Amino acid sequence: MTAEISDEAALEAAVEEAFEEQEDPAKPEKMVLIAASGDLDKAWPVMILATTGAAYGMDVTVFFTFWGLSILKKPDSGLTGEDWRQKMLAAFNRGSPDKLGLSKLHFAGLGPTMMKGLADKYHVASVQELLETARDMGVKLWPCQMTMDLMGISRDDMIDGLDEPAGAGSAISLMKEASISLFI
Amino acid sequence: MADITVDARNLQCPMPVLRIAKAMKDATSGQTLELIATDRGALSDIPAWANDMGHSLKEQFEEGSEFHFILVKS
């Protein structure tokens, strides 16, 4: 008798699960962006696509890894890490959207200054503004745990409102389900 | 006259889409929204977004350097 009841319960659970697995039309499509670059000219399109994806009602996740972590660093994060090599990396890769360099025509910082001046003149939203907008729109911002450890960047060195640090497995699981996945 | 006016003048891509998306979220079904933009990219972006999201683009016209889009929330 007891066995019968548990069988019934198992059957019910299986039916329920099958229903849940069916495609729910109300469930938003997923978009995953891998932000692997700390260049201003890469961070910009990342944040533009992330916010626009959210405007399309998509469930957007941005996974920040390697130099991409610079985008999330606080402006005053300073020389992060314990190892001298981590401090060296931090010295040459100052954090926060405001300190990102250009991949081309950087000219020791003159390039980014000119680019930001132009963005201001032509009313293009800055990476900082878009990052804040993304957070407001519910875009998930995932820092990569491994690169945080490698570069000596702690949770406190990064801005508030981020999701829990994750790894490649979480990124793959998400990308398998996503209709848009981009590595920028 | 639209129920809601969304001013996205002097804002570049992707802001007009973000502004209309936000306003649309707060609107109720059947309400009319008028988006005013000066970004030339909006000419292709707004119809594409509306079509994808299932909102109807009732009217679209230019007034000087401004682009007007009249949308109805689905």
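Fair warning: this is a prediction, and the values are worked out from it, not measured in the lab.

Enquirer: Please clarify how the overall build of chain B should be interpreted in this entry.
Expert: Looking only at helices and strands, chain B has two helices and four strands in total. Taken from the N to the C terminus, the helices and strands of chain B come in the order β-α-β-α-β-β. Since a compact globule built from 74 residues should have a radius of gyration of about 11 Å, the 11 Å found for chain B is in line with a globular shape. Counting only C-alpha atoms, chain B reaches 30 × 25 × 15 Å along its principal axes. In chain B, the share of contacts with a sequence separation of at least 24, taken over all contacts with a separation of at least 6, comes to 64%.

Enquirer: It is not clear to me how the interface of chain A and chain B should be interpreted in this structure. Could you clarify?
Expert: Accessible area lost on assembly of the parts is the figure often given for the size of an interface. Between chain A and chain B, the residue contacts involve 13 residues of the former and 13 residues of the latter. When the two sides are added together, the surface that chain A and chain B hide from each other amounts to roughly 1000 Å², 71% of it contributed by carbon and sulfur. By the criterion of area lost to chain B, the three top residues of chain A are Ala55(A), Tyr56(A) and His123(A), representing 53% of everything that side buries. Linking chain A with chain B are zero salt bridges, by the criterion used here. Only helix H2 (40-55) and helix H5 (127-136) of chain A provide two or more residues apiece to the side of chain A that touches chain B. With four residues, H2(A) is the largest single contributor of residues to the side of chain A that touches chain B.

Enquirer: Could you clarify how one ought to interpret the sheet that holds strand S1 (residues 30-35) of chain A in this entry?
Expert: Strand pairing in a sheet relies on backbone hydrogen bonds, with the paired strands running either antiparallel or parallel. All names here are of chain A. The strand order S3-S2-S1-S4 describes an open sheet built from four strands, whose pairing is parallel. Strands at the two margins of the open sheet, each flanked by one partner only, are strand S3 (140-143) and strand S4 (180-183). Averaged over all pairs of adjacent strands, the angle between their axes in this sheet comes to 15°, without regard to strand direction. In the sheet, S1 pairs with strand S2 (residues 59-64) via six bridges, with the strands oriented parallel.

Enquirer: I would appreciate a short explanation of a nonpolar patch on the surface in the present structure.
Expert: All names here are of chain A. A cluster of nonpolar side chains, namely Phe66, Trp67, Leu89, Met146 and Leu150, defines an oily patch on the protein surface of about 460 Å² accessible area. Tracing the backbone through its elements, the reader meets Leu150 in helix H6 (residues 145-151). Leu150 gets classed as partly exposed once you look at its relative accessible area, which sits at 49%.

Enquirer: Just to check I follow, could you spell out the packing of aromatic side chains for this structure?
Expert: Any aromatic ring pair is given by two values, namely how distant the centres are and how the planes are angled relative to each other. Residues and elements named next belong to chain A. In total, this model carries one aromatic pair over all chains according to the counting rule given. The interplanar angle of 80° and the centroid separation of 6.2 Å between the aromatic rings of Phe63 and Trp142 together place this pair among those described as edge-to-face. Residue Phe63 is located in strand S2, and its partner Trp142 is located in strand S3; the two are separated by 79 residues in the primary sequence. Taken individually, Phe63 and Trp142 each receive the classification buried, so the pair is uniform in this respect.

Criteria and thresholds
Residues numbered from 1 in each chain as written. Chains lettered and ligands numbered in written order. Predicted model: local features only at pLDDT ≥ 70, side-chain atom pairs only at ≥ 80, totals over all residues. Heavy atoms only, no water. Helix = DSSP H or I, 4+ residues; strand = E, 2+ residues; numbered from the N terminus. Rg over C-alpha atoms; globule rule 2.2 N^0.38 Å. Contact = heavy atoms within 4.5 Å. Buried area = accessible area lost by both parts, 1.4 Å probe. Salt bridge = Lys/Arg side-chain N within 4 Å of Asp/Glu carboxyl O. Pairing = 2+ DSSP bridges. Axes fitted to C-alpha atoms, helices over the stretch in contact; angles between N-to-C directions. Patch = residues over 30% accessible without salt bridge, like charges linked within 9 Å, V, L, I, M, F, W, Y side chains within 5 Å. Areas by Shrake-Rupley, 256 points an atom, 1.4 Å probe, with all protein chains shown as cover. Buried < 20%, exposed > 50% of the residue type's maximum accessible area, 1.4 Å probe, protein only. Phe/Tyr/Trp six-rings, centres within 6.5 Å; stacked < 30°, edge-to-face > 60°.

These results come straight from atomic positions and should not be treated as a statement about function.
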